[in-house]
Amino acid sequence: VVCINNINFQRKSVIGYVELTIFPTVVNLNRIKLNSKQCRIYRVRVNELEAPFIYNDPTLEVCHNESKQRNLNYFSSAYTAAVSAVDPDAGNGELVIKVPSELWKQGDDLKVLKVYIEFSLDQPKGGLHFVVPDVEGSMAERGAHVFSFGYQNSTRFWFPCVDSYSELCTWKLEFTVDASMVAVSCGDLVETIYTHDMRKKTFHYVLPIPTAAPNISLAVGPFEILVDPYMHEVTHFCLPQLLPLLKHSMSYLHEIFEFYEEILTCRYPYSCFKTVFVDEAYVQVSSYASMSIFSTNLLHSPMIIDQTPQTRRCLAQALAQQFFGCFISRMSWHGSCLYFTSFYTTSTTMTWHQTTAPVWSSKSEESKSVPAWYLMNDDLLLLLGRVVTVPEKLSNSQGLVCVQVALTHLVLWRKDLLHQGVQLSSEAGVLLDVSQMAELLRHVT
């Protein structure tokens, strides 16, 4: 359970609590280690009993007392050691909770332990990003909003948790905001409850699918809401005055859904999907369980045709990550660097021959060059075929890389090829890749 009951945009602060249900797998459990950075911990209880705790973040003082060795090599080794000291996959963490002695027998009997932690966050340097425009008016009129961000294993920056991809659990998420604000988070919105004075309201989300903490996110702001006219389980959110751009930019998303479900012979894994467009985003798209956070720069009008392929590519990428990356997750954050190799780090010029059985080639002298966003061709698919067709030789992360990137590119230019009358042959590896994607999905689920 994650409950944030106060969000102050003026002070850029957050107050809330978390409640973790722990099933001990070892006897004599007398300490519980969790991840938490830049949070101020006020109170910890274990099964309604007050529990002492120690908070220590070794990354705050790397080489602080070292005066002799001042070089990058020494700093790098010291920082690596500090990070390893709080690695959740190694059973470590910044927050160490001592289980009360009265509960040790429960640990021996392997009974459930409920850990309750009150915390606050003030002027966060990471994890949550506050956007407060310096103009007149209320926070809603100014378009003030806040959203979660960061690289993998950054959830610890805005609430205490086990910040590891290997630890999955179900979630209940509650966020209390001003009546003029909207809170968007992972899972299904169960209910929205107003306070007696109607000045605040609480959003209750439930995520029944076991999910890792790094795949949990939050966005709060005066968002305008658009329910997708083609798929009512899909909801879009944008900042004020951007609704016309949102309608046009999202008009293609339902076709990506249909294509993915058809090519994978599998339904979308979550019961809903939410897209949130925010300002000052560090990256164009960030994917989390059942929702994705996008930059407002991706929104465009019908008059701006140059932006269309970039926006659709980000939409296809975000939806592919829902299947492979959120629903099917890697074991640790070390595999994250593999997600966008091959296609986003190299520039490839491809060609196309209009023949009875069209063949794409990057070496023919008779071919013409096409823009980089038309990377939909037999050479590319053959490359994917050589990688995806040997999943037994790949790690979990590498397999997800191939599938995710393949899906992203397959969906974007399917209609373009059909309009040109291109019929992709199975010899090119298309059917082979598709079957391997579906097989990987069925195998893991």
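Residues numbered from 1 in each chain as written. Predicted model: local features only at pLDDT ≥ 70, side-chain atom pairs only at ≥ 80, totals over all residues. Heavy atoms only, no water.

The protein chain goes by Transcription initiation factor TFIID subunit 2 in an unreviewed UniProt entry, where it is assigned to Ataeniobius toweri. The Sequence similarities (unreviewed entry) comment attached to the protein chain in UniProt states, word for word, "Belongs to the TAF2 family." Recorded in UniProt for the protein chain, the comment headed Subcellular location (unreviewed entry) runs: "Nucleus". (UniProt positions renumbered as here; feature names shortened; annotations may be inferred.)

Caption draft 1: View of the state of the cysteines. Within the structure shown, the criterion is met by 0 disulfides. Free cysteine: cysteine 39, not disulfide-bonded; nearest cysteine sulfur from cysteine 161 at 8.9 Å. The thiol sulfur of cysteine 169 is not disulfide-bonded, and the nearest other cysteine sulfur, from cysteine 161, lies at 9.0 Å. (Disulfide = S-S within 2.5 Å.)

Caption draft 2: How the structure looks around the pairing of strand E11 (residues 168–178). Across 3 bridges, the pairing between strand E1 (residues 2–8) and E11 is parallel. Bridge pairing in E11 places cysteine 3 opposite glutamate 174. As judged from the 10 bridges shared by E11 and strand E14 (residues 200–212), these two strands associate in the antiparallel manner. Bridging from a neighbouring strand, leucine 173 pairs with tyrosine 205 of E14. (Pairing = 2+ DSSP bridges. Helix = DSSP H or I, 4+ residues; strand = E, 2+ residues; numbered from the N terminus.)

Caption draft 3: Expanded view of the pattern of salt bridges. Tallied over the entire structure, the rule returns 9 salt bridges. Aspartate 57 is the salt-bridge partner of lysine 37, the closest N and O atoms lying 3.0 Å from each other. Here lysine 37, found in the loop between strand E3 (31–34) and strand E4 (40–46), pairs with aspartate 57, found in the loop between strand E6 (53–55) and helix H1 (72–84); they are 20 residues apart in sequence, far enough to count as distant. For the pair formed by lysine 37 and aspartate 57, the shared burial category is buried. Here aspartate 178 makes a salt bridge to lysine 200, at a shortest N to O gap of 2.9 Å. Residue aspartate 178 is located in strand E11, and its partner lysine 200 is located in strand E14; the two are separated by 22 residues in the primary sequence. Judged by relative accessible area, lysine 200 falls into the partly exposed class, the value being 28%. Through salt bridges with shared partners, a single network forms among Lys37, Asp57, Glu94, Arg156 and Asp163. (Salt bridge = Lys/Arg side-chain N within 4 Å of Asp/Glu carboxyl O. Buried < 20%, exposed > 50% of the residue type's maximum accessible area, 1.4 Å probe, protein only.)

Caption draft 4: Here's a closer look at the packing of aromatic side chains. Inspection of the entire model under this criterion finds 17 aromatic pairs. Here the aromatic rings of tyrosine 270 and phenylalanine 327 are separated by 6.0 Å at their centres, their planes lie at 85°, and the arrangement is edge-to-face. You can see tyrosine 270 sitting in the loop between helix H4 (253–264) and strand E18 (273–278) and its partner phenylalanine 327 sitting in the loop between helix H5 (308–323) and helix H6 (378–388), a full 57 residues away along the chain. For tyrosine 270, a relative accessible area of 7% translates into the label buried. You can call phenylalanine 327 partly exposed: its relative accessible area is 29%. With a centroid separation of 5.1 Å and 20° between ring planes, the pair formed by phenylalanine 277 and phenylalanine 294 is classed as stacked. Of the two residues, phenylalanine 277 sits in strand E18 while phenylalanine 294 sits in strand E20 (residues 291–295), which places them 17 residues apart along the sequence. Through successive ring pairs, a cluster of aromatic residues spans Phe257, Phe259, Tyr260, Tyr268, Tyr270, Phe273, Phe323, Phe324 and Phe327. (Phe/Tyr/Trp six-rings, centres within 6.5 Å; stacked < 30°, edge-to-face > 60°.)

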